[in-house]
Amino acid sequence: MSAIAETAAPPMPPRMITARVVSVVKETHDTFTLTVEPESPECANFSPGQFSMLYVYGVGELPISISGDPHDTGRLVYTVRSVGKATNALVNTKPGQSIGIRGPFGTSWPVDEARGNDVLIVAGGIGLAPLRPAIYRILRNRDDYVRLIVLYGARSPKDLLYRKQLSEWGRLPDTQVLSTVDYGGVNWRGYVGVVTTLFRYVRLHPGRTTALICGPEIMMRYVIRELEKRGLPDSDIHLSMERNMKCAVGFCGHCQLGPYFVCKDGPIFSYTKMRPWLDKHEL
Amino acid sequence: MELKTLTEALRGHPFLEGMKPNHVQKMAEVAMEVQFNRDQVIFREGDESSLFYLLLTGKVALEVTAPGRIVRVQTLGEGDELGWSSLIGRHGKTFQARSIEPVRAIAFDGTRLRHACEMDPAFGYQLMQRVLRVVAERLQATRLQLIDVFAPAGSKLA
């Protein structure tokens with residue numbers, strides 16, 4: 001998830017620990033990847049799809065999805081789009097500087113349950129960041145899965161994340177990676193159009209495909225419609241919901257969505273659970 | 001490409017999926033294979049052309065030219081259709097089409113196809129139903145593009 005909640009409120013429990021910033025790498029004009037080392041290395045263990053609460057001292061705390069490799073030990077990686085005061089402060093931290101960190105929190109992508117299936121990953125914008133750990137895990141256990149398909153959409157070529165990696169993944173056997181942009185210049189040789197237009201170029205096997213989706217909510221709704229048209233059951237569709245998460249432990253209620261707290265019961269939900277709530281107005 | 005090979009290529013094309021063999025045959029009779037090199041302009045905005053294409057391989061960009069710049073609004077690839085307006089009798093092209101990869105396609109004379117539709121309404125219905133599906137999908141995709149789903153939360157149109 002991107003920086004959805006930016007607040008100067010003091011951090012909430014559980015215990016916050018200190019993490020040292022190792023590097024801040026510019027991914028696009030407004031998005032950066034931050035690598036940190038928590039003071040307790042065991043705090044760096046996470047499952048794909050989980051998030052942490054990052055606290056820039058004196059500025060604010062915000063929920064950020066972990067975008068690194070779950071097999072890396074002792075370090076956590078976050079990809080952050082700078083859209084406000086706290087995210088801007090976060091991406092302007094320097095190596096050696098300390099930040100506060102709580103978590104990891106939340107549910108994870110059903111990567112283990114997808115063994116034996118094709119895995120379809122559909123991402124929009126910075127939504128690729130929470131999905132990258134799932135891709136890393138699948139690639140490390142490649143024989144456990146059949147095909148890996150990644151469909152990725154962004155606003156323009158300059159907004160595409162992890163371009164080098166996407167290109168490398170696309171060259172792997174049984175792996176199809178297609179990227180598209182809403183607006184492309186004449187030098188852009190990839191696809192132009194919204195991410196749903198990429199479905200024309202992939203063949204899905206309903207019942208043998210697990211779909212993982214993350215991106216703007218409107219995009220996810222249209223992606224689900226495409227998957228339904230192709231016969232994927234609700235139980236094989238999983239999505240990462242973004243809501244205004246503040247406490248990350250289900251106390252404050254800011255992220256309530258129907259009967260769920262996104263921070264505690266999510267952010268990853270099966271569409272079976274989300275179906276009644278995704279199209280509801282004012283939720 | 002011979003008629004038999006053309007018919008086979010058409011049978012495998014998603015646009016004609018589920019079409020009766022005699023209707024596919026009708027399409028094949030007015031079809032020819034065409035190829036375009038990379039960066040070749042297939043047609044320009046305003047060109048009078050009655051050709052309709054089914055793409056077999058490669059990628060085509062639809063562009064709008066404006067003073068000092070070219071805006072690429074959509075790309076089409078394998079299994080897509082190009083130039084559907086010629087099937088409804090509009091021959092003035094509304095976009096520029098440029099191959100951004102080497103392209104192989106099957107081209108049809110839209111005038112002859114429309115005539116075939118008038119002669120055989122069942123065939124005409126099958127063909128126009130497919131055209132309508134393409135148009136509807138593109139309209140929906142364009143609407144989504146206009147929404148700009150990647151704009152930061154809370155941002156408003158000017």
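Rules of the game
- Residues numbered from 1 in each chain as written.
- Chains lettered and ligands numbered in written order.
- Predicted model: local features only at pLDDT ≥ 70, side-chain atom pairs only at ≥ 80, totals over all residues.
- Heavy atoms only, no water.
- Helix = DSSP H or I, 4+ residues; strand = E, 2+ residues; numbered from the N terminus.
- Rg over C-alpha atoms; globule rule 2.2 N^0.38 Å.
- Buried < 20%, exposed > 50% of the residue type's maximum accessible area, 1.4 Å probe, protein only.
- Contact = heavy atoms within 4.5 Å.
- Areas by Shrake-Rupley, 256 points an atom, 1.4 Å probe, with all protein chains shown as cover.
- Lys, Arg positive; Asp, Glu negative; His and termini not counted.
- Charge placed at Lys NZ, Arg CZ, Asp CG, Glu CD.
- Buried area = accessible area lost by both parts, 1.4 Å probe.
- Salt bridge = Lys/Arg side-chain N within 4 Å of Asp/Glu carboxyl O.
- Polar contact = N/O pair within 3.5 Å; in protein donor to acceptor, adjacent residues only side chain to side chain.
- Nonpolar A, V, L, I, M, F, W, Y, C, P; charged D, E, K, R; others polar.
- Domains from an automatic or database assignment.
- Pairing = 2+ DSSP bridges.
- Axes fitted to C-alpha atoms, helices over the stretch in contact; angles between N-to-C directions.
- Disulfide = S-S within 2.5 Å.

From N to C terminus, chain A includes 6 helices and 15 strands. Taking 19 Å as the expected radius of gyration for a compact globule of 283 residues, we find that chain A reaches 18 Å, a close match to that expectation. Seen through its principal axes, chain A has C-alpha atoms that stretch 50 × 45 × 35 Å. For chain A, with 283 residues in total, the buried portion stands at 59%. Across chain A, the fraction of contacts at a sequence separation of at least 24, relative to all contacts at a separation of at least 6, is 72%. Accessible area for chain A stands at about 11100 Å²; split by element, carbon and sulfur atoms hold 49% of it.

On to the overall build of chain B, then. Across its full length, chain B carries 4 helices and 8 strands. Expressed along its principal axes, the backbone C-alpha trace of chain B runs to roughly 55 × 30 × 25 Å. Across the 158 residues in chain B, those meeting the buried criterion constitute 47%. Contacts in chain B between residues at least 24 apart in sequence constitute 75% of all its contacts with a sequence separation of at least 6. Carbon and sulfur atoms make up 53% of the accessible area of chain B, which amounts to about 8300 Å² in all. Across chain B, the centroid of the 20 positively charged side chains sits 4 Å from that of the 19 negatively charged ones.

What follows covers the interface of chain B and chain A. Tallying the contact residues gives 24 residues for chain B and 26 residues for chain A. Interface area for chain B against chain A, summed over the two sides, is near 2400 Å², with a carbon-plus-sulfur share of 52%. Taken as a group, B:R72, B:Q145 and B:F150 account for 32% of the area that chain B buries against chain A, more than any other trio of residues on that side. Where chain B packs against chain A, one counts 3 salt bridges. Taking the shortest distance from any N to any O, the salt bridge between A:R200 and B:D80 comes out at 3.2 Å. The interface formed by chain B and chain A holds 14 residue pairs in polar contact (both at pLDDT 80 or more) in total. With 6 residues, strand β5 (residues 69-76) of chain B is the largest single contributor of residues to the side of chain B that touches chain A. Taken together, the residues of the side of chain B that touches chain A sort by class into 11 nonpolar, 5 polar and 8 charged.

So, on to unusual backbone geometry. Residue and element names in this part refer to chain A. Cis peptide bonds are those with omega within 30 degrees of zero, and the linkage from G103 to P104 qualifies with 0°. Position of P104 relative to the elements: it lies in strand β6 (residues 98-105). Following G266, the chain continues into P267 via a peptide bond in cis, with omega recorded as 10°. Looking at the secondary structure, you find P267 in the loop between α5 (262-265) and β15 (268-270). Of note in this structure, Y162 is not a glycine but carries a positive phi near 50°. Mapping Y162 onto the fold places it in the loop between β8 (148-154) and α3 (163-170). With phi around 55°, D174 is a residue other than glycine that occupies positive phi space. Take D174: it is sitting in the loop between α3 and β9 (175-181).

Residues and elements named next belong to chain A. What the domain assignment reports for chain A is domain 1 (17-105) and domain 2 (118-240). Contacts between the two partners involve 19 residues from domain 1 and, on the opposite side, 14 residues from domain 2. Roughly 1400 Å² is buried in total at the junction of domain 1 and domain 2, and carbon and sulfur atoms are behind 58% of that figure. Seen at the junction of domain 1 and domain 2, the total is 1 salt bridge.

To continue, consider the sheet that holds β5(B). Residue and element names in this part refer to chain B. The strand order across the open sheet formed by 4 strands is β2-β7-β4-β5, and the pairing between neighbours is antiparallel. Strand pairing shows two members of the sheet lacking a second neighbour, β2 (41-43) and β5, which therefore form its edges. Neighbour-to-neighbour, the strand axes of this sheet turn through a mean angle of 35°, independent of strand direction. Sheet topology note: the strand β4 (residues 60-66)/β5 ladder contains 7 bridges and is antiparallel. Its bridge partner lying in β5, L62 is registered against Q74.

What follows deals with the side chain of A:N117. All names here are of chain A. Inspection of the secondary structure assignment puts N117 in the loop between β6 and β7 (118-124). Polar side-chain contacts of N117 include one of 3.0 Å to the side chain of T210. Among residues more than four places away in sequence, those in contact with N117 are Y145, V146, R147, G207, R208, T209 and T210.

So, about the state of the cysteines. All names here are of chain A. All told, the structure shown has 0 disulfides over all chains when counted by the stated rule. In this structure C43 is not part of a disulfide, and its nearest cysteine sulfur, from C263, lies 18 Å away. By relative accessible area, which is 18% here, C43 ends up buried.

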